[in-house]
Each structure stands twice: as structure tokens, then as C-alpha cells.
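Here are the chains, one letter per residue:
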Amino acid sequence: MFAWRGDPYRMRILVVEDEKKLAQYLRKGLTENGYVVDIANDGIDGLHLALNGEYDILVLDVMLPGVDGFGVLKAVRASKDTPILMLTARDSVEDRVRGLQAGADDYLVKPFAFTELLARLQVLTRRGGAKSGLVHTSSTLNVGDLELDVTRRRASRERRRIELTALEFSLLELLMRHQGEVLSRTVIAEQVWDMNFDSDTNVVDVAIRRLRAKIDDPFERKMLRTVRGMGYVLEPQEPALGS
Ligand code: CA
């Protein structure tokens, strides 16, 4: 797990989620990442807290007992412009559109990776680590011409800046720290996605594909290899063919 660094102000976040287990995961994970977290387990409590409390951001489930997520969203939007991230069920395009039209700032489809949630929250609350003005000691990883500045959270190859999501960054960091080692999908899933949803390891393949599109596709030499039936490996050079 990575943590956002160097920000002394602790953001207050309200999570409205009736699935107790998920709510507890979010409380734990967000607290570890420096947020002050309140949980509401239904729409009525959620609405009460959202309207009467001071929050920097709301995470709002759609399917809730009492008042549903759209009802809470509508009531909050009538009086506050607190950033709101909606959690929607898988594949419910209609929910997403409806949420965004009703004034939600972003949405995340369940099941989601915790790192993805953190990344979205960071964007919504504009917590730029680089803008904190604190002195960082640089910590840089190199594999071939690929460079990852872990402290400043920057990636580049051939000195060209590569924009990565927080999730892609964590994935690349893991691969770089284990360069030349084949990492299985399970190991990658455990290290990068620290929550155990009923996750199919397909999410790993999808994330690898996205990362590859950024760090390999634009370049002639490919570094991120698939080892059939085993997993993935990051190597400074393609292995020599034949011989
Ligand atoms: Ca729910």
C-alpha cells in the first residue's frame, strides 16, 4: 500500500455504505491513508451527517436502505457543493449517468480497487502531494531506461514523462522492485489491490495491459513480458532470441 505523503491537513470524509464489511474496509484503509472517516450505514443517517457535518468529500453508495444514494445526492446538492463520489453496481450504466447528471462528481463501479478509490479521492480533493512544499528525499528506481521517482510519484522512459494512475504507479513500482522476477497474478493482486473483493485476477491482466500501453507500446524495446501460465516480468531488455 502506498500512502499520500507530506500533507499535514487531514481530510474529513463521510462514507455512506450499508455493506458493513465494505464500510469497515474503507474506514480502515482511508484512516491509514490519513483521512478522518465517518461511516453511515443507511441513507437517512448519511443524509443527516452530510447536511450537518463538515466534510471535504462524500463517498456515497447508490443502493441504500432508507433514502437511496440518488435521494441523498439530490438533497445534499440542494445546499452543498461537497465533492461526491458515487459507488455503483457493476455495469449499471444508467446509474452512472443518472448520478453524474444529478450532480455527482465521479463514480466508481463495484468491485473496485482501493488504490483506485484513493486516486479518485485525491483528484476530487485536489490534494497534490507535489504542491505540499515539503522537502522530499528522492528515491528513484531504474530498470533499463525506465525511471520511477517513488517520492515525487513520477515515471519516465527515455526521459519522456509518463502519466500513470495511482494504481498503475503501484503496479509499476512492484514490478520494478522485482525486476527480472516472474510475479504471479495472485502475488500482484495481493500487493497492488490490498482488498479481497470477490476479485477475478482478470483485473490484473487489464491493469497490465493499460500499463503496457504507456510504458512499452510507444517504445521500440518491450520490457513488460507475459510469461505464459505464470505471470508477468519486467526486464531491462528483451531476452535474446534463439541461441
Ligand atoms: Ca448498498
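This is a predicted model, so every value here is computed, not measured.

(A) Highlighting the pairing of strand β1 (residues 12–16). When you tally the buried positions in β1, you get 4 out of 5 residues, the bulk of the element. Traced from β1 through helix α1 (residues 20–32) to strand β2 (residues 36–40), the parallel crossover comes out right-handed. Strand direction decides the pairing type here: β1 and strand β3 (residues 57–61), joined by 4 bridges, are parallel. If you follow L14 over to β3, its bridge partner there is L58.

(B) Fine view of the coordination of the calcium ion. Only D18 (OD), D61 (OD) and M63 (O) from the protein reach the calcium ion as donors, at distances of 2.1 to 2.3 Å. Mapped onto the sequence, the residues coordinating the calcium ion show the spacing D-x42-D-x1-M. In this pair, D18 is assigned in the loop between β1 and α1 and M63 in the loop between β3 and α3 (69–77), connecting sequence segments 45 residues apart.

(C) Here's a closer look at the sheet that holds β2. With parallel pairing, the 5 strands of this open sheet are ordered in space as β2-β1-β3-β4-β5. The strands lining the two open edges of the sheet, one partner per strand, are β2 and β5 (106–109). Strand-to-strand twist of the sheet, defined as the mean angle between neighbouring strand axes without regard to direction, takes the value 20°. Sheet strands touched by α3: β3 and β4 (84–88). Its angle to β4, the strand with the most contacts, is close to 170°.

Conventions used here
Residues numbered from 1 in each chain as written. Predicted model: local features only at pLDDT ≥ 70, side-chain atom pairs only at ≥ 80, totals over all residues. Heavy atoms only, no water. Buried < 20%, exposed > 50% of the residue type's maximum accessible area, 1.4 Å probe, protein only. Helix = DSSP H or I, 4+ residues; strand = E, 2+ residues; numbered from the N terminus. Right-handed = clockwise from strand over helix to strand, strands pointing away. Pairing = 2+ DSSP bridges. Donors = N, O, S within 2.8 Å, 3.2 Å for Na, K, Ca; no water. Axes fitted to C-alpha atoms, helices over the stretch in contact; angles between N-to-C directions. Contact = heavy atoms within 4.5 Å.

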